[in-house]
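# Secondary and tertiary structure notes
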Amino acid sequence: MEAFVRVSSVACALPQINIDTDQVLPARFMKQPRTPPLGYAPYLFHDLRRGSDGSLDPAFALNDPGNSGAKFIAARRNFGSGSSREAAVYALVDAGIRCVIAPSHGDIFSANAVNNGLVPARVDEAEMETLLALLAPGGIQTEVDLETCTVSAAGKVFGFQIDPVWRLRLLNGWDDIDITHSFRPQIADWLQGDGLRRPWAQLAA
Amino acid sequence: MTAESKPQSLFDKLWNSHVIAEREDGASLVWVDRHYVQEGSFHAFNKVRERGETVARPDLTVAIADHYVPTRGRGQPMAGGAANAELARMMDQLGANAAQFGIRHYGMDHPWQGICHVVGPELGMTLPGLLVVEGDSHTSTHGALGAWAFGVGASEVAHVLMTQTLWQKRPRQLRVSIEGTLAPGISAKDMALTVVARLGADGAVGHVIEYAGSAVRALSIEGRMTLCNMSIESGARCGLVAPDQVTLDYVRGRPFAPQGDAFDRAAAQWLALAGDADAVFDREVLIDAAGIAPTVTWGTTPEDALAIDATVPDPDRLSDATRAGHVRDAIDYMGLHSGMPLSEIAIDRVFIGSCTNARIEDLRAAAAVLAGRRSKVPGLVSPGSTLVQRQAEKEGLDRIFMDAGLEWGGSGCSMCAAMNGDTLQAGQRCASTTNRNFKGRQGLGSRTHLMSPAMVAAAAVAGRLVDVRSLAVEAVA
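On a predicted model such as this, the values are computed, not experimentally measured, just so you know. (Residues numbered from 1 in each chain as written. Chains lettered and ligands numbered in written order. Predicted model: local features only at pLDDT ≥ 70, side-chain atom pairs only at ≥ 80, totals over all residues.)

This part covers the environment of A:Pro15. Residues and elements named next belong to chain A. Tracing the backbone shows Pro15 in the loop between strand S1 (6-14) and helix H1 (21-24). Classification of Pro15 as partly exposed rests on a count of 16 C-beta atoms within 10 Å. Separated by 21 residues in the primary sequence, Pro15 and Pro36 have C-alpha atoms spaced 30 Å apart. When residues no more than four places from it in sequence are discounted, the contact partners of Pro15 are Ala75, Arg76 and Leu132. (Helix = DSSP H or I, 4+ residues; strand = E, 2+ residues; numbered from the N terminus. Buried ≥ 20, exposed ≤ 12 C-beta atoms within 10 Å, placed from the backbone. Contact = placed C-beta atoms within 7 Å.)

So this is what it looks like as C-alpha cells:
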C-alpha cells in the first residue's frame with residue numbers, strides 16, 4: 001500500500017451532503033473486473049458527471065479542466081455513506097484521488113479508504129465551508145500533510161482529524177495482514193480458551 | 001470503582017468476549033464467529049489468491065448467492081442473452097471460490113438460498129453473542145439477535161478470509177430507547193425510518209446503536225431485524241437488541257442452533273449478555289412510540305422521512321443552507337414540489353422485498369392489505385429467502401399477491417440492490433419496502449419512496465402514497 005505523508009495537487013470541491021457510494025460508483029459497474037491500467041476510474045461519479053444523454057456535464061466540478069489531475073476531493077458531510085462497496089474507493093484511487101476532505105465520512109467507507117491508502121480527512125463543518133468557498137473557482141493548488149494533519153490552500157491552513165490508528169497505517173503504508181500474522185500465537189491461545197467459554201459458537205458441519 | 005465492578009452494556013460484553021489482543025496504537029484484534037460471503041465478494045477472494053494465502057476457517061464461512069440472483073424463471077435453465085450470462089458468471093464465480101476453499105455454498109437452486117441477512121438467522125447460523133461480518137452494510141440486521149454484526153469492505157473481507165479476525169477500534173455507544181406502545185398499523189419499519197430521520201444520515205457515525213425500551217421489547221425478532229437493518233442509514237455500522245425470551249424462542253430448534261442441554265446452557269449465557277441496568281452510554285436518544293406515524297421518504301436519503309400526513313418540505317423555510325440545498329436538489333430529482341401533500345404522490349410501481357422487509361411477517365402484513373383488492377400499478381414481490389417463499393406459498397400469500405396483479409418472484413436482493421436486472425426505468429416512481437432511496441439506487445433515474453410492507457401494499461391499491469389506516473376504513477365503509 002502506498003504511504004501518504006505529504007501530497008500536493010489541485011483539490012476539487014463537490015459541495016454536496018450525503019454523497020453515498022452509489023453515487024461514487026453506481027451498482028451496475030460492480031460486475032466489472034478491476035483491470036489495469038484504468039481499473040474503476042472510468043466509472044467514478046459516473047451518473048453525477050454525465051447528463052441524461054451520457055455526455056459530460058460541464059457544471060460538475062470534476063469535469064472542470066482546471067481540476068484535471070486533482071488528487072483531493074472536498075465535500076460536505078457524510079461522504080461515502082451507504083453501501084459497503086469498496087469498489088467506490090477503488091474508483092477514487094484508480095482515478096488518482098489520495099484524500100477526501102469532509103466534515104464526516106461513512107464508517108465503512110473510511111475503513112475501506114484506509115485499506116487502500118486513501119486518507120479520509122475530517123474538517124470541522126464551519127471550516128469546511130471556508131475551504132469549499134476557497135476551492136470553488138477550481139484549479140486551486142492544495143497540500144495535504146498527514147504528519148501535521150493540515151490542509152493548506154490559497155495561503156490558509158486548516159487542521160483535520162483522523163483516527164490515530166489509521167494515521168499511523170497511512171503514514172507507513174502498512175498492510176494489516178502481515179501485522180495480524182505476527183499475532184498467530186495469541187490467536188491460538190485465545191481460541192483454546194474460547195472453546196471452553198463459548199462451546200456453542202462453533203458452526204456444525 | 002474497579003474494572004471488575006464497572007457496569008457493562010450489551011456491547012461492552014460482546015466486545016470483551018471477542019478481543020484477542022490489543023496493539024499499542026489502540027487497535028484491538030477481534031475474533032469473527034460467522035462470515036457470510038456473496039457474489040460481490042470476488043475482489044476479496046482475488047486478494048487471497050494474489051497473496052498466495054488460503055481461507056483460515058472455511059467452517060465458519062458461508063457463501064450464499066443473493067445480490068445477482070435473478071428473481072424470474074427460477075427452477076429452469078437460465079435463458080441465454082448477455083444480461084443473464086453476466087448474472088450466471090457472477091454466481092458461478094462465487095460457487096468456484098467456495099469450492100476452491102472448501103466453503104459451504106447455497107447457490108441459486110439450493111433450498112436454503114436467500115438474502116444472507118434473512119438466511120443466517122432463519123437457519124440458526126447467526127446466534128446471540130456471535131460476531132458476524134459480511135461485505136454488505138446491512139449486516140447490522142443480525143444484531144437483532146444480540147449478535148455484534150457489521151458490514152465490511154473487500155479488504156476486510158479478505159482479512160477475515162485469511163485470518164478469521166479483524167482489527168477494530170472500540171466504537172462509541174448510543175442507546176435509542178423507544179418507550180410506550182405503537183399505535184395500531186405502525187410497524188418496525190416506521191420505527192426505523194423515524195429513528196433515521198431523528199438522528200440524521202450521519203447522526204450515528206462512529207457509534208454502535210443499542211435499541212431498547214418497551215416498544216423494542218414488544219417487537220418480534222423479525223421486527224427487530226428491520227430496526228437493526230437500517231442502523232447503517234444513520235451511519236452506525238452496527239445495531240443491537242439485547243437477547244431476551246423472544247430471542248430464545250426464535251433461535252430454539254433452528255437447524256444450526258445448539259440443541260437440547262447445549263441450547264439451555266447457551267441460552268443462560270445469552271440472557272446474561274443484556275446490559276447491566278446502570279451501564280453508561282456515550283449518547284442517549286428517547287423516542288415516544290405513541291408519536292410514531294406511518295412514515296415514508298420523499299427525498300434521496302433515508303433521513304428524508306416524514307409522516308404520511310406531512311407535505312414535501314420547503315427549502316426556502318429552512319435555516320440551514322446546506323440542508324436547504326439538499327432539499328432543493330432532492331425535490332428536483334424526485335419530481336415533486338414543495339408543499340405537496342405526500343399522500344398525493346402517484347406511483348408507477350411497487351416492490352416488496354429486501355433484507356429490510358421480506359421475512360414472512362412482512363409478506364403477511366402486505367398480503368393482509370392486498371387480500372381481495374387489486375393493485376393499480378405493476379409490482380414485484382421477492383421473498384427474503386427460499387424458505388420464506390415456501391412458507392408464504394403454503395399460506396397462500398403468493399395467490400393473494402398474484403390475484404392483486406403483482407408478480408411473485410424468487411428470493412434475492414432483487415430491486416433493492418438492482419444488480420440482477422430488476423430495475424426501474426428512468427423517471428419511474430416506486431413505493432418500496434427497501435432501505436435506500438439514493439439517486440439511481442433502483443436503476444438509473446429511478447425514484448424510490450421507502451415505507452413499510454403494509455404501506456407499500458396500500459400504495460399499490462391506491463396508486464399513490466396513502467395512510468394504510470385510511471384504506472382499512474374505506475374497506476369497512
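Back to the text.
The next thing to look at is the sheet that holds strand S2 (residues 72-75) of chain A. Residue and element names in this part refer to chain A. Strand order across the open sheet formed by 7 strands is S4-S3-S2-S1-S5-S6-S7, with mixed pairing between neighbours. One side of each edge strand has no neighbouring strand; the edge strands of this open sheet are strand S4 (119-122) and strand S7 (156-159). Between one strand axis and the next, the sheet turns by 30 degrees as a mean value, whatever way the strands run. Across 6 bridges, S1 lies against strand S5 (residues 140-145) in antiparallel orientation. Directly across from Arg6, in S5, lies its bridge partner Asp145. (Pairing = 2+ DSSP bridges. Axes fitted to C-alpha atoms, helices over the stretch in contact; angles between N-to-C directions.)

When two helices pack together, their arrangement is captured by the angle between the axes and the distance separating the axes. Residues and elements named next belong to chain B. Running from N to C, helix H12 (residues 360-370) and helix H16 (residues 453-462) cross one another at 30 degrees; their axes reach a closest spacing of 8 Å. Our classification of the angle between H12 and H16 gives roughly parallel. Crossing handedness for the pair H12 and H16: right-handed. Together, Asp362, Ala365, Ala366, Val369 and Leu370 of H12 and Pro453, Ala454, Val456, Ala457, Ala458, Ala460 and Val461 of H16 make up the contact between the two elements. Here the contact of H12 with H16 is composed, by residue class, of 11 nonpolar, no polar and 1 charged. (Parallel < 35°, antiparallel > 145°, perpendicular 65-115°, else oblique. Left-handed = near helix turned anticlockwise from the far one by under 90°. Nonpolar A, V, L, I, M, F, W, Y, C, P; charged D, E, K, R; others polar.)

Time to look at the domain arrangement of chain B. Residues and elements named next belong to chain B. The domain architecture assigned to chain B consists of domain 1 (10-168), domain 2 (172-291) and domain 3 (295-476). Computed from C-alpha coordinates alone, the two centres of domain 1 and domain 3 are separated by 28 Å. Taken residue by residue, the interface counts 21 residues in domain 1 and 22 residues in domain 3. Of all the secondary-structure elements, those providing two or more residues to the side of domain 1 that touches domain 3 are helix H3 (82-101) and helix H4 (116-122). The element contributing the most residues to the side of domain 1 that touches domain 3 is H4, with 4 residues. Partitioned by chemical class, the residues of the side of domain 1 that touches domain 3 number 10 nonpolar, 7 polar and 4 charged. (Domains from an automatic or database assignment.)

To continue, consider the interface of chain B and chain A. With 57 residues of chain B at the interface, the matching set in chain A holds 44 residues. Put simply, the parts of the chain that give the side of chain B that touches chain A at least two residues each are strand S1 (19-22), strand S2 (28-31), H3, helix H5 (154-163), strand S8 (165-168), helix H10 (260-271) and helix H11 (321-334) of chain B. Looking at side-chain class alone, the side of chain B that touches chain A contains 25 nonpolar, 18 polar and 14 charged residues.

The next point concerns helix H6 (residues 164-172) of chain A. Residue and element names in this part refer to chain A. All of the buried residues in H6 are Trp166, Arg169 and Leu170. For H6, the buried positions fall inside an angular range of 95 degrees around the axis, keeping them on one side. Lining the buried residues of H6 we find helix H4 (107-114) and S4. Two residues or fewer after H6 comes Gly173, characterised by a positive phi angle close to 65 degrees. (Arc of directions from axis to C-beta.)

This part takes up unusual backbone geometry. All names here are of chain A. Look at the link from Pro36 to Pro37: it is a cis peptide, with omega at 0 degrees. Structurally, Pro37 can be placed in the loop between H1 and helix H2 (46-49). Phi at Asn18 takes a positive value of approximately 55 degrees, unusual for a residue other than glycine. Following the sequence through the fold, Asn18 ends up in the loop between S1 and H1. Although it is not a glycine, Asn78 sits at a positive phi angle of roughly 65 degrees. With respect to the helices and strands, Asn78 occurs in the loop between S2 and helix H3 (87-94). Among the residues examined, Asn78 registers 26 C-beta atoms within 10 Å and is labelled buried.

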